[in-house]
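# Structural overview for review
So the chains spell out like this:
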Amino acid sequence: MNFTTLQVELILVKEQNGVQFTSTTLVAPTPTQTNPSGEEERETWGKKIDFLLSVIGFAVDLANVWRFPYLCYKNGGGAFLVPYLFFMVIAGMPLFYMELALGQYNREGAAGVWKICPIFKGVGFTVILISLYVGFYYNVIISWALFYLFSSFTGELPWVHCNNTWNSPNCSDWADNSSVSDLDKVTPAQEYFERGVLHIQDSNGIDDLGRPRWQLTSCLAVVIVLLYFSLWKGVKTSGKVVWITATMPYVVLTVLLLRGVTLPGAIDGIKAYLSVDFLRLCDAKVWIEAATQICFSLGVGFGVLIAFSSYNKFSNNCYRDAIITSSINSLTSFFSGFVVFSFLGYMSHKHNVALDKVARDGAGLVFVIYPEAIATLPGSSVWAVIFFIMLLTLGIDSAMGGMESVITGLIDEFKFLHKHRELFTLFIVVATFLISLFCVTNGGMYVFTLLDHFAAGTSILFGVLIEAIGIAWFYGVDRFSDDIEEMIGQRPGRYWRLCWKFVSPCFLLRLAYAITPETEHHLVDNGEVRQFTVSVDSNMIYYNLKHHISAGFTQICIFNIPLTTIPLKSNLTFMTVP
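Conventions and cut-offs
- Residues numbered from 1 in each chain as written.
- Predicted model: local features only at pLDDT ≥ 70, side-chain atom pairs only at ≥ 80, totals over all residues.
- Heavy atoms only, no water.
- Helix = DSSP H or I, 4+ residues; strand = E, 2+ residues; numbered from the N terminus.
- Buried < 20%, exposed > 50% of the residue type's maximum accessible area, 1.4 Å probe, protein only.
- Contact = heavy atoms within 4.5 Å.
- Areas by Shrake-Rupley, 256 points an atom, 1.4 Å probe, with all protein chains shown as cover.
- Salt bridge = Lys/Arg side-chain N within 4 Å of Asp/Glu carboxyl O.
- Patch = residues over 30% accessible without salt bridge, like charges linked within 9 Å, V, L, I, M, F, W, Y side chains within 5 Å.
- Phe/Tyr/Trp six-rings, centres within 6.5 Å; stacked < 30°, edge-to-face > 60°.
- Lys NZ or Arg CZ within 6 Å of the ring centre and 35° of its normal.
- UniProt positions renumbered as here; feature names shortened; annotations may be inferred.
- Expected span 1.5 Å × (residues − 1).
- Bend = angle between axes of the 7 residues up to and from the residue.
- Axes fitted to C-alpha atoms, helices over the stretch in contact; angles between N-to-C directions.
- Parallel < 35°, antiparallel > 145°, perpendicular 65-115°, else oblique.
- Nonpolar A, V, L, I, M, F, W, Y, C, P; charged D, E, K, R; others polar.
- Left-handed = near helix turned anticlockwise from the far one by under 90°.
- Disulfide = S-S within 2.5 Å.
- pLDDT = per-residue confidence, 0-100.
- Polar contact = N/O pair within 3.5 Å; in protein donor to acceptor, adjacent residues only side chain to side chain.

## Some details on the overall build of the protein chain
A count of helices and strands for the protein chain gives 20 helices and five strands. The buried share of the protein chain, taken over its 578 residues, is 56%. Of the contacts formed within the protein chain by residues at least 6 apart in sequence, a portion of 76% connects residues at least 24 apart. Counting every atom, the protein chain has about 24,900 Å² of accessible surface; 61% of that belongs to carbon and sulfur.

Have a look at this one:
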């Protein structure tokens, strides 16, 4: 029998006729919440908005700014929204909803939720490991943004001229009519990133990394400290941090848009962004890129959505949350395109070149093109500070989500870690910092690129695929629907059940095949995808794409990609030669 300890509250009322009257009441103390198994109840978010901002902050990251607008521009403009929204509805939202419901019902991290079907627990550890791998290099991107932020506190931005110690003889401004040929010409902003920040010129390849550079190491350490004190107390602290990190990018994007549309050529850039070419929809590559973007931009498969939702109240309406947060993510991507292309249109107009000469994605956009555009504005240092604060906040809350996936997933699996969350969090962030040091050496870009392209590419697709199969076919869609009905009082409609059981798994499997050469499809069946071989030499990284299948025949192609055009997230596709 369970007995509840009661407190006796003794209240002295007053003294009447020499007699003291007192009042006593039995007050039940605030109980330590326990679940049926007798374990201490799980903590929850302080407010509902804390959870929503955390999910939005994780899903809305750097790729929303540097990836989606470029994809939209090169794949038919407004027409690209057709396959994007199509895959959003049939796969993105159902998978997003599935992970939120899975975490909320089972109240555990990515590994612990598979108590519903223990044979799939390996999938949980897989996504935790992937999140850990991504943290090794994603934090480095944030440290670059922090480095640029510190460099912006100056009267003249350091990427304006070619008279710096890191500049090469090939450095030349767009308008400079020097003797340097157009093929060899490199802008000051590009050399600042490659030679002033990364110091690639001081490395001969991946076998010549050198020591960590103290400037980037210091920035990386600041990022790690910020992450630790945002996560060490759990969702009680991280839920407050996202009030700044998740909302700041929207403020900055709005300010930049208001400034961008006033620049000459901005309207032309926006028109190019929105120009509709429905004929591009006949190209299968457009649909593949839309599907890939949906899969990675929503953040399914990293265990973050499961971890975040596990701290929700049991009766929370996770269906509504899934619709709201996934929609905000897509709208943010679309909105950021106006900001990006207003400045790209300005750059095209200013240098009198075609828009496709300045339009690019990845690091080249946010660390070369955008800083170069900002440097030409009055009060350029102020605009640079604003822009890099936005990049910093975009990155921090996404990094927080990835690290929370690791921490929550492991402490839920190994219960003794619950009492030592602060120390375990410290261990995780310090370990991440030490591994990341390889990426801030002179040759760190080589290590960075390897991690970026192989840590969370096709492996994420297979992780989500197995996750969807485990829920829909082994645990059962009907049972999963019963769980959701128990939480929110409403059973998922037939549409959601069909997507979970048939559409989403087929989408993920076909997508994995679509981005893998046909000669290696047998590797897909075994979960072993070997798309690219990498060799490094001096300041270039050579990607040898073997057995590239095009129009039914095998083509061997080898092409070079300058470092500034190398995309920085696993969902970014390689540039190809015609």
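That shown, we press on.
## Brief notes about the pattern of salt bridges
The tally for this structure, following the rule as stated, stands at 13 salt bridges. Across the pair aspartate 478 and arginine 491 runs a salt bridge whose closest N-O atoms are separated by 3.8 Å. In this pair, aspartate 478 is assigned in helix H18 (residues 458–488) and arginine 491 in the loop between H18 and helix H19 (494–514), connecting sequence segments 13 residues apart. The shortest N-O distance in the salt bridge between aspartate 482 and arginine 491 comes to 2.3 Å.

## Some details on a nonpolar patch on the surface
Side chains of Trp473, Phe474, Leu498, Phe502 and Val503 sit close together on the surface and give an oily, nonpolar patch of about 500 Å² of accessible area. Only H18 and H19 provide two or more residues apiece to the nonpolar patch. At three residues, the largest contribution of residues to the nonpolar patch is made by H19. In this structure, leucine 498 sits in helix H19.

## Considerations on the packing of aromatic side chains
A full pass over the atoms with the stated rule returns 46 aromatic pairs. With centroids separated by 5.2 Å and ring planes inclined at 15 degrees, the aromatic side chains of tyrosine 273 and phenylalanine 341 adopt a geometry described as stacked. Linking tyrosine 273 in helix H10 (residues 266–274) with phenylalanine 341 in helix H13 (residues 318–351), this pair joins segments that are 68 residues apart in sequence. Between tryptophan 473 and phenylalanine 502 the ring centres are 5.6 Å apart and the planes differ by 85 degrees, which places this aromatic pair in the edge-to-face class. On the criterion of sequence distance, the pair formed by tryptophan 473 in helix H18 and phenylalanine 502 in helix H19 is long-range, its members being 29 residues apart. Look at tryptophan 473 and you get partly exposed, because its relative accessible area is 46%. Taking the ring centre of tyrosine 311 as reference, the NZ or CZ of arginine 42 above it sits at 4.3 Å. Cation over ring: lysine 233 sits above tryptophan 232, and NZ or CZ is 4.8 Å from the ring centre.

## Brief notes about the UniProt feature "binding site: Na(+)" (unreviewed entry) in the protein chain
UniProt annotation of "binding site: Na(+)" (unreviewed entry) refers to Gly57, Ala59, Val60, Asn64, Ser297, Asn329, Leu394, Asp397 and Ser398 when read in the numbering used here. The named residues occupy 342 residues along the chain; their greatest pairwise C-alpha distance, 14.2 Å, places them in one compact cluster. Structurally, glycine 57 is set in helix H1 (residues 48–59). Using a relative accessible area of 2% as the deciding quantity, one classes glycine 57 as buried.

## Points about helix H4 (residues 81–106)
End to end, H4 covers 35 Å across 26 residues, agreeing with the expected 38 Å (1.5 Å per residue, within 8%). When the local axis directions of H4 are compared, the greatest deviation, roughly 50 degrees, occurs at methionine 88. Among the 26 residues in H4, 20 count as buried, and that is most of the element. Note on H4: the residue one or two positions beyond its end, arginine 107, has a positive phi of about 55 degrees.

## With respect to the packing of helix H5 (residues 121–151) against helix H6 (residues 188–197)
One way to put it is that H5 packs onto H6 with a least axis distance of 13 Å and a crossing angle of 110 degrees. The angle between H5 and H6 places the two elements in the roughly perpendicular class. Taken together, the residues of H6 that come into contact with H5 (itself represented by Trp144, Phe147, Tyr148 and Ser151) are Tyr192, Phe193 and Val197. Across the contact of H5 with H6, the residue classes tally to six nonpolar, one polar and no charged.

## Digging into the packing of H5 against helix H15 (residues 380–413)
Helix packing geometry: the angle between the two helix axes and the distance between the axes. In contact at an axis separation of 8 Å, H5 and H15 are set at 155 degrees when each is read in the N-to-C sense. One element, H5, and the other, H15, form an angle in the roughly antiparallel class. As for how H5 packs across H15, the hand of that crossing is left-handed. A breakdown of the residues in the contact of H5 with H15 according to their chemical character gives 20 nonpolar, seven polar and two charged.

## A look at the state of the cysteines
Under the counting rule described, the total for this entry stands at one disulfide. The disulfide partner of cysteine 162 is cysteine 171, and the gap between their sulfur atoms is 2.0 Å. Between cysteine 162 and cysteine 171, the S-S torsion sits near -70 degrees, and that sign places the bridge as left-handed.

## Remarks on the confidence of the model for the protein chain
Of all residues in the protein chain, 80% attain a pLDDT of 70 or more, and the chain-wide mean is 82. Contacts for the low-pLDDT stretch residues 1–38, under 50 throughout, to residues beyond four places or in other chains number 41 contacts. In the model, residues 529–578 has pLDDT below 50 throughout and makes 133 contacts with residues more than four positions away in sequence or in other chains.

## Comments concerning H5
Its 31 residues place the ends of H5 46 Å apart at the C-alpha level, agreeing with the 45 Å of an ideal helix rising 1.5 Å per residue. At glycine 135, H5 shows its maximal kink, close to 35 degrees.

## Things to note about the side chain of asparagine 442
Within the fold, asparagine 442 resides in the loop between helix H16 (421–436) and helix H17 (444–455). There is a polar contact of 3.2 Å between the side chain of asparagine 442 and the side chain of arginine 213. The residues contacting asparagine 442, other than those within four sequence positions of it, are Leu198, His199, Ile200, Asp202, Ser203, Leu209, Arg211 and Arg213.

## Topic: unusual backbone geometry
Phi at arginine 107 is positive, roughly 55 degrees, even though this residue is not glycine. Along the chain, the position of arginine 107 falls in the loop between H4 and H5. On the accessibility criterion, arginine 107 (16% relative accessible area) is buried.

## Thoughts on the environment of leucine 508
Along the chain, leucine 508 turns up in helix H19. As for leucine 508 and isoleucine 460, which are separated by 48 residues in sequence, their C-alpha atoms are 9.8 Å apart. When neighbours within four sequence positions are excluded, leucine 508 is seen to be in contact with Leu95, Cys295, Leu461, Val464 and Leu465.

## A few points about the environment of aspartate 483
Relative to the helices and strands, aspartate 483 is located in helix H18. In sequence terms aspartate 483 and glutamine 104 are 379 residues apart; their C-alpha atoms lie 9.9 Å from each other. The contacts of aspartate 483, once residues within four sequence positions are left out, are Tyr105 and Tyr475.

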